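Report on the structure
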Amino acid sequence: MKSHKYIFVVGGVMSGVGKGITTSSLGLILQGKGYKVNLVKADPYLNVDAGTMNPTEHGEVFVLNSGLETDQDMGNYERFLNRDLSNEDYMTSGMVYKYVIDKERSLGFRGKCIDADNVRDEIIHRFINAGKVNKSEISIIEIGGTVGDYQNIMFMEAARVLKVKNPSDVAFVMVSYLPIPKTIGEMKSKPTQNAVRQLNSYGIHPDFIIARAEVALDSKRKEKIAMACSIPIGNVISAPDIGSVYDVPQNFENDRIGEMVLKSLSLKSKKNSPGINDWKKFVTRAKSQKGEVNIAIVGKYFNTGDFVLSDVYVSVIDAVKFSCYALGLKPKLTWLVAQEFENDKAKLKELNKYDGVIVPGGFGESGIVGKLNVINYLRVNKIPFFGICYGMQLLVIEYARDVLKLKDANTHEINPNATDLVVDIMPEQKKKLKDGKYGGTMRLGAYPCLIKKGTIAERSYSLEAKNLKLIHERHRHRYEVNPEYVQRLSDAGLVFSGTSPDGSLMEIAELPKKIHPFFLGVQFHPEFLARPLSPHPLFTAFVEASQKTSREA
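Residues numbered from 1 in each chain as written. Predicted model: local features only at pLDDT ≥ 70, side-chain atom pairs only at ≥ 80, totals over all residues. Heavy atoms only, no water.

**A few points about helix 5 (residues 116-134)**
For helix 5, with 19 residues, the first-to-last C-alpha span of 28 Å sits near the 27 Å given by 1.5 Å per residue. Where helix 5 is concerned, the buried positions are Asn 118, Val 119, Arg 120, Glu 122, Ile 123, Ile 124, Arg 126, Phe 127, Ala 130 and Gly 131. Considering only its buried residues, helix 5 is in contact with strand 1 (5-11), strand 2 (37-43), strand 5 (90-92), helix 4 (93-105), strand 6 (138-143) and helix 6 (153-165). At the N-terminal boundary of helix 5, the capping side chain belongs to Asp 115, with an oxygen 3.0 Å from the backbone nitrogen of Asp 117. (Helix = DSSP H or I, 4+ residues; strand = E, 2+ residues; numbered from the N terminus. Expected span 1.5 Å × (residues − 1). Buried < 20%, exposed > 50% of the residue type's maximum accessible area, 1.4 Å probe, protein only. Contact = heavy atoms within 4.5 Å. Polar contact = N/O pair within 3.5 Å; in protein donor to acceptor, adjacent residues only side chain to side chain.)

**As for the pattern of salt bridges**
Following the criterion strictly, the structure yields 32 salt bridges and no others. Note that Lys 33 is salt-bridged to Glu 253, the shortest N-O span being 3.1 Å. With Lys 33 in the loop between helix 1 (19-32) and strand 2 and Glu 253 in helix 9 (residues 248-254), this pair connects stretches of sequence that are 220 residues apart. Judged by its relative accessible area of 26%, Glu 253 is partly exposed. Between Arg 379 and Glu 398 there is a salt bridge, with the nearest N and O atoms lying 2.7 Å from each other. In this pair, Arg 379 is assigned in helix 13 (residues 368-380) and Glu 398 in helix 14 (residues 390-402), connecting sequence segments 19 residues apart. Here the residues in one salt-bridge network are Lys 41, Asp 43, Asp 71, Asp 73 and Glu 142, joined through shared partners. (Salt bridge = Lys/Arg side-chain N within 4 Å of Asp/Glu carboxyl O.)

**A short note on the environment of Glu 527**
Looking at where Glu 527 falls in the secondary structure, it is placed in the loop between strand 23 (519-522) and helix 19 (537-552). Sequence-wise, Glu 527 and Ser 25 are 502 residues apart; in three dimensions their C-alpha atoms are separated by 20 Å. With sequence-adjacent residues up to four places away left out, Glu 527 is seen in contact with Ser 315, Val 316, Ala 319, Ile 388 and Phe 539. A distance of 2.8 Å separates a polar atom in the side chain of Glu 527 from a polar atom in the side chain of His 525.

**Focus: unusual backbone geometry**
Phi is positive for Leu 107, close to 65°, though the residue is something other than glycine. Look at Leu 107 and you get exposed, because its relative accessible area is 61%. With phi around 60°, Ser 230 is a residue other than glycine that occupies positive phi space. Of note, Ser 230 is situated in the loop between helix 8 (219-229) and strand 9 (236-240).

**Thoughts on the environment of Leu 28**
As for its placement among the helices and strands, Leu 28 is situated in helix 1. Assessed through its relative accessible area of 4%, Leu 28 is described here as buried. Taking the C-alpha atoms as reference points, Leu 28 and Asp 408, separated by 380 residues in sequence, lie 51 Å from one another. For Leu 28, the contacting residues outside a window of four places in its chain are Phe 80, Leu 81, Pro 249, Ile 276 and Trp 279.

**Re a positive patch on the surface**
The grouping of Lys 190, Arg 197, Lys 220 and Lys 224 at the surface amounts to a positive patch. On the accessibility criterion, Lys 190 (46% relative accessible area) is partly exposed. (Patch = residues over 30% accessible without salt bridge, like charges linked within 9 Å, V, L, I, M, F, W, Y side chains within 5 Å. Areas by Shrake-Rupley, 256 points an atom, 1.4 Å probe, with all protein chains shown as cover. Lys, Arg positive; Asp, Glu negative; His and termini not counted. Charge placed at Lys NZ, Arg CZ, Asp CG, Glu CD.)

**Brief notes about the packing of helix 4 against helix 5**
The geometry of helix 4 relative to helix 5 is characterised by a closest axis approach of 10 Å and an angle of 115° between their N-to-C directions. Considering only the axes of helix 4 and helix 5, their crossing is right-handed. Along its contact with helix 4, which presents Met 95, Val 96, Tyr 97, Tyr 99 and Val 100, the element helix 5 presents Asn 118, Val 119, Glu 122, Ile 123 and Arg 126. Of the residues in the contact of helix 4 with helix 5, the class split is seven nonpolar, one polar and two charged. (Axes fitted to C-alpha atoms, helices over the stretch in contact; angles between N-to-C directions. Left-handed = near helix turned anticlockwise from the far one by under 90°. Nonpolar A, V, L, I, M, F, W, Y, C, P; charged D, E, K, R; others polar.)

In structure tokens, the structure reads:
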């Protein structure tokens, strides 16, 4: 029986150097060489999951089919591998510690003294179990944080022990950063050398170093790093800044990293999977657009100090790109801060220069007035609009206020005492909030949705041609369109084109095409299922409508 192989990806010098993209790219490459691969993210946070983390600090929360709220790297993993991941592919320190402590409290250790070794062993068990559940041959495990962080030390220790027990089955890849200080004008390798020494102090030696930098490494730096870090010069892989993360796999393959990693694990390439060729076609197509479409995303989480954080909407941004590339279009994306549309009505006219506008999900009251003003302007002026989760709820509120003349129409989230709660909290959620249970208690994960015939939604999903009625999409929300107002909204022209199978929950709201070129909102998060090789149909329909509007302007 062949032994299972493990590749650990760790970071050096600083965070944000591209461990997630490296992990995803290696997964795609090895999958393309005929191996069954699973990707695992080991997050050092004590949060049990990513659901309660501040998006402006942590970035997007990605949701799996099961409903597990995870780090945004899981989204990259799914997009690169073009398949769904399981709960076993994600872990946090909080998950592990909670499990060990709960087990101890229930006498699961039969009265033994519990210490850090038990935590380490549980991590190792999870590494091994993830491979078994996925029936994979190679597990690629990204350890979050940076070498030297005390937060991820238990994951590092687990990886070290796994290497000691199975020397020929484990390889380590360090993704490190080589700065080029402007005042010096020279690429510096010393921080990477120090990071490797720090890793050595844990009893771990990297087999490969992915050298991230603004520009490609020259032979001098490669040789310097190889000599200082005791690895072959060919195992120092240059990874300069590039225009798209989706170019990374091909760049890695130019350095033959796939073959070298397999060789380090005593493996050989199998026959190439067709998936890798499809990926190459996608990358080529993304660089050969013939037209352009101008899309704005109106969000509330873009501002973080003096910087713009687009990571919080990374899946939405990528979903737009995938659909644009499939249509032969170049996406021109603009981030708009919702708060800027609250008091200056004249600013709304700036929306005319966009072919289409997206209002993505979010939580809380901040920026909501601005979003409502934007949605009203887009509806009245027939500019394509796509609302996601909170964006759909605000679509319903705006319609109720302006068309039904329910001036106090609101959501329970903002004003629970509003006269007309057209968006209300789900009954089962009220007790959870009353008991202070916020983490992992929303409506999460994949749920079925019944599509109404003759609607934009049906045409977008091409269900009529497939003779289907149901779709499945991932959710992340507490609030729903209040059933008490559905008939009044429908009588006023709003079409609920998607509902739960029993008809109690409104999943998609839209205006007929004869009234508006594209005015549609969804309660779920379609961006979580958008992938390079399979763009999401609703994003594609939105982009098509936006392109048509652009041509007619």
